[in-house]
Amino acid sequence: MATYLREPTLKTLGLGSVIDIFAGGRLPATAGELVDRVFGPAGDRGSLVISGANGIVGAGKTMQLGSRLLPYGVRIVGLDFPGAPDGIGGQYAGLVGSFGKKTADAVMGGIVRMNYDGRSLPTELSGFKPRFLLEAIPEILDVKLAHYKVFREAFPGIEIRSVTSGFPASELGVGIAHPAFPHQINKVFEVVEPEPSDITRLLWALGLIPAPVGDNWSFVLDVLFCGITLAATRYQEATNMPVWKIDKFVRKLLGPNPLRAHDAIGAKGATFLTWSCLHHLAKTYGELFEPTPEITAHKDHGQNWYPMNHFRPLVNWSMTDAEADEFSAWILGPMFQMTSLMLHENRAHLSHMNTIGELCAQFRKGILAFVRNMGPDEPVKVVEAYHRLHPQAAGPSWHPEAFAAMEGPEWQQLYVNAEHDGTVGVITIGRESYCWEVDAELNRAIDWLKAAGIERVIVTGDFHLATQMVGADTSDFYDALGDVEKGRAITHGWTATARRLNDDFAVSVGFINGKRCLGGFLELLTHCHYLVSVDDAGLGWPEVTLPVVPGMEACHWPLRRTDGEGRAKLIRMLLGGRFVKASDAKGWLVDFAGPMDDALKTAWLIASGGDHGLKKRPVKEGALTGVPTDAPGLGDASSPSNAAAREAIMATVRKSCGVSVSEALAVQADMAADFLASKTCNKGAVGMEYTKTMKV
């Protein structure tokens, strides 16, 4: 029986745990199996109906689900009113850009468009045997209820899910599959249902991210998104600061631009949804959620929050310390209070709640990670300061005791989990970018496994919340741009963690299960004794394009584990920033690449001590000779910054490979930190993002 550091998020979908996946040598469910269950077998396959298909949500989901269900012969029926704007047709250019014209044409060819009057369904619809209705019509309760009644009378037993932004399932009488914006590309669905269903598992098997949440008003995403919008407008009401400036300060503090986001989505519809969520939340929870007059006015007139061609004066308008403290109270106070409410109601697995804030509401760090970094007492003080500014918010919707359990594993392991069966351990990482929080949690997971006597480990993505590993979270580099010691804390600290995967276990296996593994995450996993991947994963070090110097030993560690030909290929990756497929990297970067089931079985054989037939590629301890000094045929650098990054990376390769492996950590870490603080890096993508975000 497996033991868990904290509950795996896969268990909330009824899919078991990650260690079960490796031990069983296969995924717990496949798209083909679940398509058969939801839509019927190939000879008698029904259709997916999306009502409101020409709206922003409906059209986006038509494309996202249509492209994924195309290989299984599931027809998509797009249902909407006559005269509705052609939202589906507007998606075609994006399809072509993502998949090419041939596939885009096939996706569009699999979509049948029908009109209806809202009271009765087209007679032709029955010929497509609807099995699943995804409802995306306006947020008007009576209209939704009448819509379900029509479908249930025509197709008894049809599965229905609403994409509603706020109404709980108890009001609608159907399950919820609330998708995050932007609807064409964001993979997250907040799911409300009594038990995990085949529909939810199908979303997972199609590569999407269903996250079960409680049946409460506005779920998790819209409490956070509408809540931060409300906080911004309350501050506007108190200070008369223009919305564009408030957005800049909110972005600096937490990450999102809530008011600009409404315009990007479509101000008329987005503001109505925000008002609707807040209006119903206020009825249930009180003044904490009461829409401001500004939100109500924007709901009524539907105009953009940012006027067209608005003038933003370029002046050095900064806050005093006292003003900054007051701003934090206005913004963080209600956010922390709303978080306490969601915790009190157990709205979601804490990892789900935290991730929804990052992937959907665009928080730089999830709200729980943000609160955790402050400790259990400071958030309470912030809310109390907010109540002094806005005393109406105090009351039964404030639950300070919710922060008291912060030392438990559910709070402490928001991103990284660990499991073991007494012999083999599995560490799962549920965040797509590496950051200080992931680093700390990874160390705690390693410590937990070591305390349990585990000497054999697999390190992998979590098969759920992280569908890829894109490298370091560059927002963690901001402090290092002006302080080389802050950079050294990263390059030395994160590298020391990576070294533990090599030093602390008798056998360690890095497993790449997503569509790409890049940058710092690839550096991390190459520290494992073996690296196993699905064959079509893209691998690469794109640091040269940012530009930064890889700081977790890419400049020497993988070079120490291969021969001259492999080193030449690695140098090309480092200097060119180009990706390779895992299937093309066997023998010099990865040890095994194959289909998912084969890769799972191989990783388990290695970790469990079975006969896997692979030869371990040892790390050469001494100084290396014969390391290539350039990459012939790579072409000229695309810019002066790219040329400077190539030069710095090559210098780091030479120096870190020219010493022993024990000395190389400090050499590469110091050189990477020095480059972070350089003018070249400050003028590059990371520096520009820092200036845009933090220089307000």
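As the structure is a computational prediction, the values presented were derived from the model and not from experiment. Within each chain, residue numbers correspond to sequence positions counted from 1 in written order. Per-residue local features are limited, in this predicted model, to residues with pLDDT of at least 70; the limit for side-chain atom pairs, both in listing and counting, is 80 or more; totals at the level of whole chains, interfaces and linings are taken over all residues. The side-chain quantities take in all heavy atoms of the structure and omit both hydrogens and water.

Enquirer: Can you help me understand the packing of helix α14 (residues 321–344) against helix α17 (residues 378–389) in this one?
Expert: Two packed helices can be described by the angle between their axes and the distance between those axes. Axis definition: a line fitted to C-alpha atoms, limited for helices to the stretch in contact. Angles are taken between N-to-C directions and run from 0 to 180 degrees. Think of it this way: any DSSP run of H or I at least four residues long counts as a helix, any run of E at least two long counts as a strand, and we number them from the N terminus. For the pair α14 and α17, the least separation of the axes is 8 Å and the interaxial angle reads 110°. Comparing the axis directions of α14 and α17 gives the class roughly perpendicular. Here the hand of the crossing between α14 and α17 comes out left-handed. Counted together, Glu326, Ser328, Ala329, Trp330, Leu332, Gly333, Pro334, Phe336 and Gln337 of α14 and Pro379, Val382, Val383, Ala385, Tyr386, His387 and Leu389 of α17 form the full contact between these two elements. Here the contact of α14 with α17 is composed, by residue class, of 11 nonpolar, 4 polar and 1 charged. Angular relationships are summarised with four words: roughly parallel below 35 degrees, roughly antiparallel beyond 145, roughly perpendicular across 65 to 115, and oblique for the angles in between. Handedness of a crossing is defined here by the sense of rotation of the near helix relative to the far one, left-handed for an anticlockwise turn of less than a right angle and right-handed for a clockwise turn. When checking whether two residues touch, look at their non-hydrogen atoms; a contact exists if any pair is within 4.5 Å. The nonpolar class holds Ala, Val, Leu, Ile, Met, Phe, Trp, Tyr, Cys and Pro. Asp, Glu, Lys and Arg form the charged class, and all remaining residues, Gly among them, are polar.

Enquirer: I tried to follow the sheet that holds strand β20 (residues 592–594) on my own but got confused; where do I start?
Expert: Hydrogen bonding along the main chain pairs the strands of a sheet, whether they run parallel or antiparallel. The pairing criterion for strands is at least two bridges between them, as found by DSSP. The 7 strands are arranged β1-β10-β11-β13-β15-β17-β20 in an open sheet whose pairing can be described as mixed. Each edge of the open sheet is held by one strand with a lone partner, namely β1 (3–4) and β20. Looking at chain direction, strand β11 (residues 424–429) and strand β13 (residues 456–461) are connected through 6 bridges and run parallel. Considered in β13, the bridge of threonine 428 is made with threonine 460. In the packing of helix α19 (residues 436–451) onto the sheet, contacts are made with β1, β10 (416–420), β11 and β13, and the angle to β10 comes to roughly 15°. Helix-sheet contacts for helix α23 (residues 596–608) involve β11, β13, β15 (507–512), β17 (530–534) and β20, and the interaxial angle to β15 is about 165°.

Enquirer: Before we go on, may I ask you to explain the packing of aromatic side chains in this structure?
Expert: The geometry of an aromatic ring pair is captured by the separation of the ring centres together with the interplanar angle, meaning the angle of the planes. Aromatic contacts are taken between Phe, Tyr and Trp rings whose centres are within 6.5 Å, Trp giving its six-membered ring; a plane angle under 30 degrees counts as stacked, one over 60 as edge-to-face, and the others as tilted. By the definition in use, this model includes 19 aromatic pairs. On the basis of an interplanar angle of 85° and a centroid distance of 5.0 Å, the ring pair of phenylalanine 22 and phenylalanine 511 is categorised as edge-to-face. Residue phenylalanine 22 is found in helix α1 (residues 18–24), and its partner phenylalanine 511 is found in strand β15; the two are separated by 489 residues along the sequence. In terms of burial, phenylalanine 22 and phenylalanine 511 fall into one category: buried. Where phenylalanine 81 meets tyrosine 116, the ring centres are 5.3 Å apart and the plane angle is 5°; that geometry is what we call stacked. With a gap of 35 residues between them, phenylalanine 81 in the loop between β3 (76–80) and α4 (92–99) and tyrosine 116 in the loop between β4 (111–115) and β5 (130–135) connect regions that are remote in the sequence. Throughout this description, buried means an accessible area under 20% of the type-specific maximum (1.4 Å probe, protein chains only), exposed means over 50%, and partly exposed covers the range between. For phenylalanine 81, a relative accessible area of 40% gives the class partly exposed. We classify tyrosine 116 as buried; its relative accessible area is 7%. An aromatic cluster is built from Tyr434, Trp436, Phe477, Trp494 and Phe521, whose rings are joined through pairwise contacts. We call a charge positioned over a ring when the NZ of a Lys or the CZ of an Arg lies within 6 Å of the ring centre and within 35 degrees of the ring normal. When the ring centre of tyrosine 415 is taken as reference, the NZ or CZ atom of arginine 431 above it lies at 5.3 Å. Stacked on the ring of phenylalanine 505, the Lys or Arg lysine 450 has its end atom at 5.5 Å from the ring centre.

Enquirer: Please explain the sheet that holds strand β7 (residues 175–179) as it appears in this structure.
Expert: Spatial strand order, β4-β3-β2-β5-β6-β7-β8-β9: 8 strands in an open sheet with mixed pairing. The sheet terminates laterally at β4 and β9 (209–212), the two strands that pair on one side only. Ignoring which end each strand starts from, the neighbouring axes of this sheet average 25° apart. Two strands pair when backbone bridges link them, and β7 and strand β8 (residues 188–192) are joined in this way by 4 bridges, in the antiparallel orientation.

Enquirer: Whenever I open this one, α23 confuses me. Can you help?
Expert: Count 3.6 residues to each turn of an α-helix, and residues three or four apart come out pointing the same way. Taking 1.5 Å of rise per residue, 13 residues should cover 18 Å, and α23 covers 18 Å from first to last C-alpha, within 8% of that figure. Here α23 has its buried residues at Ala599, Leu600, Thr602, Ala603, Trp604, Ile606 and Ala607. On its buried face, α23 sits against α1, β11, β13, β15, β17 and β20. In the segment just after α23, glycine 609 is the residue with positive phi, at about 90°. Here the expected length of a helix is defined as 1.5 Å per residue gap, with one fewer gap than residues.

Enquirer: Help me out: how do you make sense of helix α11 (residues 258–265) in this one?
Expert: Pro258, Leu259, His262 and Asp263 are the residues of α11 that are buried. One face of α11 carries all of its buried residues, which in axial projection span an arc of 155°. Of the surrounding elements, those touching the buried residues of α11 are α9 (221–239), α10 (243–253) and α12 (267–285). Taken from the residues just after α11, glycine 266 is the one with a positive phi, measuring 130°. This arc is taken over the directions from the axis of the helix to the C-beta atoms.

Enquirer: Got a minute to help me understand the side chain of arginine 646 in this structure?
Expert: Take arginine 646: it is sitting in helix α24 (residues 640–657). One buried charge, arginine 646, has no salt-bridge partner; the nearest side chain with opposite charge is aspartate 636, at 6.3 Å. Side-chain polar atoms of arginine 646 contact the backbone oxygen of glycine 635, separated by 2.8 Å. Excluding anything up to four places from it in sequence, arginine 646 contacts Val544, Leu575, Leu634, Gly635, Asp636 and Ala637. Counting rule applied: Lys, Arg positive; Asp, Glu negative; His and chain ends not counted. Salt bridge, as used here: a side-chain nitrogen of Lys or Arg that lies within 4 Å of a carboxyl oxygen of Asp or Glu. In the analysis that follows, any N or O atom pair within 3.5 Å is treated as a polar contact, provided that within protein one partner can donate a hydrogen and the other can accept it, and provided that, for residues neighboring in sequence, both atoms belong to side chains.

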